[in-house]
Amino acid sequence: MVSFKPSLVVPPLTRPQLAEARRVRAAELFDQERSGAEIARMLGVSQESVRRWRRVWEKDDADALRRRPATGRPPKLDDAQVEQVRTALEQGAQAHGFEADLWTLERVGLVVGRVTGVTLSRASVWRLLTGRLGWSLQRPERRVVERDESEIARWIAHEWPRIKKGP
């Protein structure tokens, strides 16, 4: 069984974000009247890309080089519903009637349905958790119930050095 918890790590920039940053940097360099070859070398892109970006920049402006919002179907959950789901998930799985306090995609999907009335596929639940909520996959450590930490410490302190030395 796996669980999901909020991630404290700031995710790295995505490829579209990096591409936008390069285009915006190119616009700054256009303002400095740098050559296309110099800009291409500085940004690690082809000169053709720089020429294409310059045409867009000259025609419109630097804002035309920014990413546009994705087209297509809007998300099933609005921001308020996502916050309702976040609040419900932070209460823990047991608060929603599950035996173990672990979140799975199926369990999260059930809670999303109860809280918002919206049914999400497993893939959509995954995108909700990792994308919009910023949670990450957590796998429980597998340990034997009978594990005796004091016996392990004794073995490492006394037996291991003896074995390591050899006869």
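Residues numbered from 1 in each chain as written. Predicted model: local features only at pLDDT ≥ 70, side-chain atom pairs only at ≥ 80, totals over all residues. Heavy atoms only, no water.

**Here we look at the environment of E33**
Relative to the helices and strands, E33 resides in the loop between α1 (15-31) and α2 (36-43). Exposure remark for E33: the relative accessible area of 71% places this residue in the exposed category. Between the C-alpha atom of E33 and that of R54, which follows or precedes it by 21 residues, the distance is 11 Å. (Helix = DSSP H or I, 4+ residues; strand = E, 2+ residues; numbered from the N terminus. Buried < 20%, exposed > 50% of the residue type's maximum accessible area, 1.4 Å probe, protein only.)

**What to know about the nonpolar core**
Counting residues in each nonpolar core, the largest one holds 19 residues, and the members touching the most others are L89, W103, L128, L129 and L133. Contributions of two or more residues to this core are made by α4 (79-90), α5 (105-116) and α6 (122-132). Here L89 is in contact with W103, V108, V111, L129, L133 and W135, once residues within four sequence places are set aside. If you look at the next biggest cluster of nonpolar residues, it comprises 11 residues, including A26, A27, L29 and L65. (Core = buried A, V, L, I, M, F, W, Y, C linked by side-chain atoms within 4.5 Å. Contact = heavy atoms within 4.5 Å.)

**Here we look at a nonpolar patch on the surface**
On the surface, I152, W155, I156, W160 and I163 cluster together into a nonpolar patch covering about 470 Å² of accessible area. If you trace the backbone, W155 turns up in helix α7 (residues 149-165). Classification of W155 by relative accessible area gives partly exposed; the value is 37%. (Patch = residues over 30% accessible without salt bridge, like charges linked within 9 Å, V, L, I, M, F, W, Y side chains within 5 Å. Areas by Shrake-Rupley, 256 points an atom, 1.4 Å probe, with all protein chains shown as cover. Salt bridge = Lys/Arg side-chain N within 4 Å of Asp/Glu carboxyl O.)

**So, the layout of surface pockets**
Of the pockets and cavities examined, the largest pocket occupies roughly 300 Å³. The wall of the largest pocket is formed by R73, P74, P75, K76, L77, L120, S124, R127, L128, G131 and R132. Grouping the constituent residues of the lining of the largest pocket by class yields five nonpolar, two polar and four charged. (1 Å grid on protein atoms, 1.4 Å probe; cavity = no way out; pocket = protein on both sides within 12 Å on 5 of 7 lines; lining within 4 Å. Points joined across faces, edges and corners; volume = space filled by probe spheres on them. Nonpolar A, V, L, I, M, F, W, Y, C, P; charged D, E, K, R; others polar.)

**Overview of the packing of α4 against α5**
Where α4 meets α5, the axes come as close as 10 Å, and the angle between the chain directions of the two elements is 125°. Viewed along their axes, α4 and α5 adopt a mutual orientation that is oblique. Handedness of the crossing formed by α4 with α5: right-handed. Two secondary-structure elements touch here, α4 through Q81, Q84, V85, A88 and L89 and α5 through V108, V111, V112, V115 and T116. Classifying every residue of the contact of α4 with α5 by side-chain character gives seven nonpolar, three polar and no charged. (Axes fitted to C-alpha atoms, helices over the stretch in contact; angles between N-to-C directions. Parallel < 35°, antiparallel > 145°, perpendicular 65-115°, else oblique. Left-handed = near helix turned anticlockwise from the far one by under 90°.)

**Some points on the pattern of salt bridges**
Summed over the entire model, instances satisfying the criterion amount to 15 salt bridges. R132 is the partner of D79 in a salt bridge, and the nearest nitrogen-oxygen pair spans 2.9 Å. Pair noted here: D79 is in helix α4 and R132 is in helix α6, with a separation of 53 residues, a long-range link. Taking relative accessible area as the criterion, R132 reaches 33% and is therefore assigned partly exposed. Connected via shared salt-bridge partners are E141, R143, R147 and E149.

**Points about the packing of aromatic side chains**
Tallied over the full model, the rule gives three aromatic pairs. With a centroid separation of 5.1 Å and 45° between ring planes, the pair formed by F30 and W57 is classed as tilted. Taken together, the residues span a long stretch of sequence, with F30 in helix α1 and W57 in helix α3 (residues 47-59) at a distance of 27 residues. Each member of the pair, F30 as well as W57, is classed as buried. (Phe/Tyr/Trp six-rings, centres within 6.5 Å; stacked < 30°, edge-to-face > 60°.)

**Considering the side chain of S49**
By the element assignment, S49 lies in helix α3. A polar side-chain atom of S49 sits 3.1 Å from a polar atom in the side chain of S46. (Polar contact = N/O pair within 3.5 Å; in protein donor to acceptor, adjacent residues only side chain to side chain.)

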